[in-house]
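# An overview of the molecular structure
As a plain string of letters, each chain reads:
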Amino acid sequence: TCIYNFNTVLNTEAMAEELQQLNIVPMKADWSEPNPEIKSKLSELKSNSIPLLAIYPAGAPSRPIVLPDVLTESQVKAALKQAASLADTDELANAEESKTTSVAANLTR
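Thresholds, definitions, all that
- Residues numbered from 1 in each chain as written.
- Predicted model: local features only at pLDDT ≥ 70, side-chain atom pairs only at ≥ 80, totals over all residues.
- Heavy atoms only, no water.
- Helix = DSSP H or I, 4+ residues; strand = E, 2+ residues; numbered from the N terminus.
- Buried < 20%, exposed > 50% of the residue type's maximum accessible area, 1.4 Å probe, protein only.
- Contact = heavy atoms within 4.5 Å.
- Areas by Shrake-Rupley, 256 points an atom, 1.4 Å probe, with all protein chains shown as cover.
- Core = buried A, V, L, I, M, F, W, Y, C linked by side-chain atoms within 4.5 Å.
- Phe/Tyr/Trp six-rings, centres within 6.5 Å; stacked < 30°, edge-to-face > 60°.
- Lys NZ or Arg CZ within 6 Å of the ring centre and 35° of its normal.
- Pairing = 2+ DSSP bridges.

### Focus on the overall build of the protein chain
Each helix and strand counted, the protein chain has 4 helices and 4 strands in total. Starting at the N terminus and ending at the C terminus, the protein chain contains elements arranged as α-α-β-α-β-β-α-β. Counting the 109 residues in the protein chain, one finds 36% classified as buried. Here the contacts in the protein chain between residues at least 6 apart in sequence split such that 66% fall between residues at least 24 apart. For the protein chain, the computed accessible surface area is about 6700 Å², with 52% contributed by carbon and sulfur atoms.

Next comes the structure, spelled out in structure tokens:
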């Protein structure tokens, strides 16, 4: 599932363009080897399985958007746009603060 998601949804030209357009920073955590930080993050996200895609909206990082194991391009793009809109809403409320980017974290094995 990890390889499928990466090859068909996450590592595509269309997704790279979407991430760039929305000013989103992708991050990947590889759990091939045991890692307490990744285990802790999975627990925090209330997940015992991987792959897991979590999108942390700028300005609302305590409200990650978590997507299911098997991804579709439309699911990911909708979640990215949701995260971007949360960031935009927060920016309007806090105009003095500098803009931060959303982070899409892909936890895989």
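### Topic: the nonpolar core
Nonpolar side chains in soluble globular proteins tend to be buried together. Core analysis: the biggest nonpolar cluster contains 14 residues, and Leu53, Ile55, Leu67, Leu71, Val76 and Leu80 have the highest contact counts within it. Within the residue set of this core, elements represented by two or more residues are helix 1 (2–10), helix 2 (13–21), strand 2 (52–56), strand 3 (65–67) and helix 4 (73–93). The dominant element in this core, judged by the number of residues it contributes, is helix 4, at 4 residues. Ranked by size, the runner-up nonpolar core spans 8 residues in total, among them Trp31, Ile38, Leu45 and Ala54.

### Describing the packing of aromatic side chains
Under the counting rule described, the total for this entry stands at 0 aromatic pairs. Cation over ring: lysine 28 sits above phenylalanine 6, and NZ or CZ is 4.8 Å from the ring centre.

### Observations concerning the pairing of strand 2
Across the 5 residues that make up strand 2, a large majority, 5, are buried. Side chains Leu52, Ala54 and Tyr56 of strand 2 all project onto a buried face; the interleaved residues Leu53 and Ile55 project onto the opposite face, where all are buried too. For strand 2 and strand 3, the ladder comprises 3 bridges, and the chain directions are antiparallel. Directly across from leucine 53, in strand 3, lies its bridge partner leucine 67.

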